[in-house]
Amino acid sequence: MARALMIQGAGSDVGKSLVVAGLARLARRRGLRVLPFKPQNMSNNAAVTVDGGEIGRAQALQALAAGVEPHTDMNPVLLKPETDVGAQIIVHGKRIATARAREYAALKPSLMGAVLESFARLKQRADLVLVEGAGSPAEVNLRKSDIANMGFARKADIPVVLIGDIDRGGVIAQLVGIKTVIDPDDAAMIHGFVINKFRGDPTLFDDGYRLIEARTAWRGFGVLPYFTRANELPAEDALGLGEARKPGQCKIAFLALSRIANFDDLDPLKLEPGVDLVIVRPGDAIPGDARLVIIPGSKSTRGDLAFLRAQGWDIDLLAHRRRGGHVLGVCGGYQILGRSIADPEGIEGPAGETQGLGLLDVTTVMTEQKTLTRVAAQHVETGQPIDAYEIHIGRTDGPDRGRPFALLDGAPEGAISPDGRVYGSYLHGLFASDDFRSSFLAQLDIPATDQPYRGRVESALDALADHIEAHLDVEGLLALAR
């Protein structure tokens, strides 16, 4: 049976996903069979697994770091928000319900069994399981039904290390405060802490570091400087995609929909030196000099269509097309480009039908059955191969399907407008295919490199592992696992 170690955060977005990924790569280098695990995740950025389900994108990256295929056991409970108060509930890779927050709180304790089943299966296949928490154990109002942090750690008897983010400020209060507010038996599960995202001279924090150790009686495992290559790794939050702007290069704009989902299509584009990837946020206008506008996937397509119109982006898109610009809609974005979206059963929200943008002559009907599959396609215009995945509900058809975007085993996939400037496709992750990406960008007169995208991700993971090895007590952390 494998040993296990749990990495929890003093808050959200403190860097625990990347720390787990880096530790997974380090454990793999030491010859260990290592597997990542997150009991519960909340994300609309999912990955399709080898066993035909879906998990959070962060766990797929951690699996890559560990040198294994992503599996649904690595993230047994996934919440995909559809509204501000409701989410789709995915258990063992499959949708079981859609529930409001209060309803899910009542359901959550019954999911601990599924979480422990997955964890037990992983332990049978590994030497080490690295567990990532969710949010913070300081959320004591949620402790009674917790399956993601201390509830799981106590049930599975796993030692915990806390990650604190000094970049956002208040890290001393975060860590000392957690010791103060959580149950003493929960606090006993925490064996140490790591300070993450430090900028400047780390010796300036020596007094603060010692104060945390003294006030909490937890061991410090080191101060981790800010990892500058983090932007080369797949983003878990869509807003992180716009951190590497390259003004003066060819603009590709993408719309920050309110329920944006599976935006990993954009990760390879942000790394292209010739591409200035621009996030168009609510209230912003689509840049008039963009070569391409991408409408990404959505967890609530009709809701995001209304959101798009509320920003005036429908008018901007028409002007963009009149100027000779190109538009690509992926998954929900493909559906938005059509003439109409019908949801007669109310699968994604209130039942009804909404008029689409009409930039493609297709219509979509939402269906209960969800498509979850990895695919090998061929781009029709360039003939280049595309390794991708589909993760959507709904069926789309219409005259523009006669000009398919790609072929799947010879069958048409997606659609292209008669003037060849509007494209729609259900293929996610398409730009990770290097030859296709280069050819597609060349059609838009955008220069592209020949550097393999996946090779760059692997290089960044190696650099992350080196970074952690240089600054943290890795042997001490691994020795904690039990």
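Use the structure listed above.
As a convention, each chain's residues are numbered from 1 in the sequence order in which they are written. Owing to the predicted nature of the model, reporting of local features is limited to residues with pLDDT of at least 70; listing and counting of side-chain atom pairs is limited to 80 or more, with chain, interface and lining totals taken over all residues. Calculated side-chain values reflect all of the structure's heavy atoms, with hydrogen atoms and water omitted.

Considering the side chain of D400
- Within the element layout of this structure, D400 appears in the loop between strand 22 (385–397) and strand 23 (406–408).
- Burial classes: relative accessible area under 20% of the type maximum marks a residue as buried, over 50% as exposed, and values in between as partly exposed (1.4 Å probe, protein chains only). Judged by relative accessible area, D400 falls into the buried class, the value being 4%.
- A polar contact of 2.3 Å, which involves the side chain of D400, links it to the side chain of R403.
- For this analysis, residues touch if any pair of their heavy atoms sits within 4.5 Å. For D400, the contacting residues outside a window of four places in its chain are L360, D361, V362, A415, I416, S417 and P418. In this description a helix means any DSSP run of H or I spanning at least four residues, a strand means any run of E spanning at least two, and both kinds are numbered starting from the N terminus. For the purposes of these results, a polar contact is taken to be a pair of N or O atoms within 3.5 Å, where, inside protein, one atom must be able to donate a hydrogen and its partner to accept one; residues adjacent in sequence count only when each atom of the pair is a side-chain atom.

Some thoughts on helix 13 (residues 434–443)
- For helix 13, the set of buried residues is F436, R437, S439, F440 and L441.
- Residue D445 follows helix 13 closely and has a positive phi angle near 60°.

Looking at the packing of helix 6 (residues 171–181) against helix 8 (residues 206–216)
- The axes are straight lines fitted to the C-alpha atoms, using for helices just the contacting stretch, and the angles between their N-to-C directions are given from 0 to 180°. Helix 8 packs onto helix 6 with a crossing angle of 5° between their chain directions and a minimal axis gap of 9 Å. In terms of orientation, helix 6 lies roughly parallel with respect to helix 8. Listed contacts from helix 8 to I172, L175, V176 and K179 of helix 6 are G208, L211, I212, R215 and T216.
- The residue inventory of the contact of helix 6 with helix 8, partitioned by class, reads 5 nonpolar, 2 polar and 2 charged. Working rule for angles: under 35 degrees goes down as roughly parallel, over 145 as roughly antiparallel, 65 to 115 as roughly perpendicular, anything else as oblique. Each residue gets one label: Ala, Val, Leu, Ile, Met, Phe, Trp, Tyr, Cys and Pro are nonpolar, Asp, Glu, Lys and Arg are charged, and the others, such as Gly, are polar.

Topic: the side chain of K80
- Note that K80 resides in strand 6 (residues 77–81).
- Given a relative accessible area of 2%, K80 falls into the buried group.
- In this structure the side chain of K80 is engaged in a polar contact, spanning 2.6 Å, whose partner is the side chain of E54.
- Dropping the residues within four chain positions of it, K80 is found in contact with S43, N44, A46, E54, A87, Q88, I90, N262, K299, K370 and I391.

Considering the sheet that holds strand 1 (residues 3–9)
- By definition, two strands form a pair when at least two bridges between them are found by DSSP. Judged by pairing direction, the sheet is parallel, and its 6 strands sit side by side in the order 2-9-1-10-11-12 without closing on themselves. The sheet is open, and its two borders are formed by strand 2 (34–37) and strand 12 (219–225), each paired with just one other strand. For this sheet, the mean angle separating the axes of adjacent strands, direction not counted, is 20°.
- As judged from the 4 bridges shared by strand 11 (residues 190–198) and strand 12, these two strands associate in the parallel manner. Paired with F198 across the two strands is P225, which belongs to strand 12.
- Helix 4 (residues 112–125) contacts strand 1, strand 2 and strand 9 (128–132) of the sheet and is inclined by roughly 170° relative to strand 2.

Let's talk about the packing of aromatic side chains
- Note on aromatic contacts: the rings of Phe and Tyr and the six-membered ring of Trp form a pair at centre separations within 6.5 Å, being stacked when their planes are under 30 degrees apart, edge-to-face when over 60 apart, and tilted otherwise. On inspection of all chains with the given rule, the structure shows 13 aromatic pairs.
- For the ring pair F37 and F152, a centre distance of 5.5 Å and an interplane angle of 45° mean the geometry is tilted. Taken together, the residues F37 in strand 2 and F152 in helix 5 (residues 150–156) connect sequence positions 115 residues apart. An identical accessibility class is assigned to F37 and F152; each is buried.
- Here F405 and Y423 contribute two aromatic rings whose centre-to-centre distance is 6.3 Å and whose plane-to-plane angle is 70°, an arrangement assigned as edge-to-face. With a gap of 18 residues between them, F405 in the loop between strand 22 and strand 23 and Y423 in strand 26 (residues 422–425) connect regions that are remote in the sequence.
- Aromatic ring contacts, followed pair by pair, group F405, Y423, F431, F436 and F440 into a single cluster.
- When the ring centre of Y226 is taken as reference, the NZ or CZ atom of R199 above it lies at 3.8 Å. The criterion is that NZ of a Lys, or CZ of an Arg, lies within 6 Å of the ring centre and within 35 degrees of the ring normal, and then a charge sits over that ring.

The values reported here are purely geometric and, on their own, carry no functional implication.
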